[in-house]
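Chains, contacts and geometry: an overview
Single-letter residue listing:
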Amino acid sequence: MKRALVLAAACVAIVRCAGSGSGAPPTPADAKAFLDGVNDTMKRLGIEQSRAGWVQQNFITDDTEALAARASQLAIDAAARFAKDAVRFDKVDVPTDQRRQLNLLKVGLVMATPSDPKESEELTKTMARLESAYGKGKWCPNAATPDSCKTIDDVTKIMATSRNEKELRAAWEGWHTIAPPMRKDYQRFVELSNKGARELGFADTGAMWRSRYDMPPDAFTKELDRLWDQVRPLYVKLHAYVRLKLHEKYGETVPVTGPIPAHLLGNIWAQDWSNIYPLAAPPRADAGFSLTDILEKRKMPALDMVRAGERFYTSLGFAPLPKTFFERSLFLRPKDRDVVCHASAWDIDLLEDIRIKMCIERTAEDFTTIHHELGHNFYQRAYKDLPVVFRDAANDGFHEAIGDTIALSVTPEYLVRIGLLDKAPDTSRDIGLLMKRALEKIAFLPFGLLIDQWRWKVFAGDVAPAAYNKAWWDLRLKYQGVAPPSPRGEELFDPGAKYHVPDNTPYTRYFLAAILQFQFHRALSKTAGCTLPLNRCSTYESRAAGERLNKMLSMGQSRPWPEALEVLTGSKQMDATAILDYFAPLEKWLDAQLAGKAVGW
Ligand SMILES: [Zn+2]
């Protein structure tokens, strides 16, 4: 993941003063002064936020948490003010790149507070309550023994490892008990945040989110439908095969036709099915080697694993990482203190001070994750010379997609080329690997789509509060083909059991990233001249691919994303058919397994 940074800053004098003193209409010079001030202060507060965040995650204490929260709040408040101030220049004639900066400021908010101070305060407090309801959420199977209460980590572990239907059902239902108390707050949050969005000129909060994709909000909705239609047939086949295997395991609890019960897929939200790989593994699908075993046998130090990742990028023509990267990154879990070990990439000074923070273990997964995290760092460094407002990915799906694109290049052939593997196994052994990857990436697609489908309908008023839960399950059935293990009435609030809903984090970016990474991989593999099956292509050592990649990365957010997409892929349109190309061997295999069997629900 990329370290989430609210790139905005407190409104300093220069920003406040620009064009606002005399009551005369603002001029182009005022607009330029405003943007100069915004860029300066965004940089200043962005750096403060990163430093405070870095220290907090490396030394978790009450004090560092308070300092980091304060730095974030300053940046969030400033972003809100910038969004409102930028509107003043709507009718001023300014150069294209300044117009884009002003627009990005206007559409950059996730939540707009109403101008009425009382309502604004109510919204902020409601949001804080929702966030903490999730953060403190626990499932307590036995009220008499509070020690037995389960956190999301405990529940995640049960969902991943248990194969006992009763236990899984209890954990699934248990975790969803954290959400009903959020229902009233969520309803109020929708009302108030919509009011704020309307004051900024958007139809509602959902329309405000969609407006940052360089196309009319409704056109973007149609784009997502088009992409989903491209991959849906493959998803439905994977769904049918997994249903068959779960039926073998759990009997009549899993019908051979119809939706899959949502508690049996290895994950509390059924968004990632890779934990049930042992149940769905194709026979004789062993990959023929284990990278984890190889790393272990060689006792490869964490630093060497990072150096291997760096070499991937330098082989494409990127400059080596700066010395400070190695001095300041965290590679190993410290023995003496708590740190946030979830892997992340940082861009502390928005220039050269890039770092990763991860507790590296000698596993294939971490080896791949290093390549992913460095993708963020090389992206960050590529756009460092742009105005601060433009120092971000082309759209919010691009950053994660880049890291994952490079991770897709960690193939057996690549491992041979860097001397970790003697010989790449025959492609006939790929089905297992592809199945595992499909259970993660294909299974995720409908989930990645439906969270915001639900929210957009809620914000737009197409789903009334009295139908929150019904609409949620209608969408989960429609897209994922899953059903709850027991009836779910309107006294419940199942969307609230997913972090991003009470936390109000937009989710479409994850769907986009899942689609784009394969489109990027296909385009770069073609540029690299790869003639192998797409799942075996690596862009390692391809200067031509590196040049293309760098050209897009260095555009940052300065141009509409379709132009950035075109630079890398030759097309302005997102295209999910690269997923079908990548998984073609698996789809063929699935077709054979499913002959004469029910497909769909
Ligand atoms: Zn990432």
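See the structure above.
So, here's what we can say about the structure. (Residues numbered from 1 in each chain as written. Predicted model: local features only at pLDDT ≥ 70, side-chain atom pairs only at ≥ 80, totals over all residues. Heavy atoms only, no water.)

1. Focus on the side chain of Asp494
Among the secondary structure elements, Asp494 is positioned in the loop between β4 (482-483) and α20 (508-527). A polar atom in the side chain of Asp494 sits 2.7 Å from the side chain of Arg488. Apart from the residues within four sequence positions on either side, Asp494 is in contact with His176, Asn469, Trp472, Trp473 and Arg488. (Helix = DSSP H or I, 4+ residues; strand = E, 2+ residues; numbered from the N terminus. Polar contact = N/O pair within 3.5 Å; in protein donor to acceptor, adjacent residues only side chain to side chain. Contact = heavy atoms within 4.5 Å.)

2. Section: the packing of aromatic side chains
On inspection of all chains with the given rule, the structure shows 41 aromatic pairs. Where Trp54 meets Trp346, the ring centres are 5.2 Å apart and the plane angle is 90 degrees; that geometry is what we call edge-to-face. Of this pair, Trp54 sits in helix α2 (residues 28-58) while Trp346 sits in strand β2 (residues 344-347), and the two are 292 residues apart along the sequence. The class for Trp346 is buried, based on a relative accessible area of 0%. Consider the rings of Tyr186 and Tyr468, whose centres lie 6.2 Å apart with planes at 80 degrees: the pair is edge-to-face. One end of the pair, Tyr186, is in helix α8 (residues 183-199); the other, Tyr468, is in helix α19 (residues 468-480), with 282 residues separating them in the sequence. Judged on exposure class, the residue Tyr186 and its partner Tyr468 are both buried. (Phe/Tyr/Trp six-rings, centres within 6.5 Å; stacked < 30°, edge-to-face > 60°. Buried < 20%, exposed > 50% of the residue type's maximum accessible area, 1.4 Å probe, protein only.)

3. Considerations on the pairing of strand β3 (residues 354-357)
Alternating positions in β3 separate into two faces, Ile354 and Ile356 on one and Arg355 and Lys357 on the other, with burial throughout. Two strands pair when backbone bridges link them, and β2 and β3 are joined in this way by four bridges, in the antiparallel orientation. Each bridged residue has a counterpart across the sheet, and for Ser344 the counterpart in β3 is Lys357. Here β2 hands over to β3 after six residues, with Leu350 in that stretch at a positive phi of 60 degrees. (Pairing = 2+ DSSP bridges.)

4. Some points on the state of the cysteines
Summed over the entire model, instances satisfying the criterion amount to three disulfides. Bridging Cys140 to Cys149, the disulfide has an S-S length of 1.9 Å. Its S-S torsion of approximately 115 degrees makes the covalent link between Cys140 and Cys149 right-handed. Cys530 shares a disulfide with Cys537; S-S distance 2.0 Å. What sets the handedness of the Cys530 and Cys537 disulfide is the S-S torsion sign, and at about -85 degrees it is left-handed. Here Cys530 falls in the partly exposed class, since its relative accessible area comes to 24%. Owing to a relative accessible area of 2%, Cys537 belongs among the buried residues under this scheme. For the protein, numbering the cysteines in disulfides from first to last along the sequence yields the connectivity 1-2, 3-4, 5-6. (Disulfide = S-S within 2.5 Å.)

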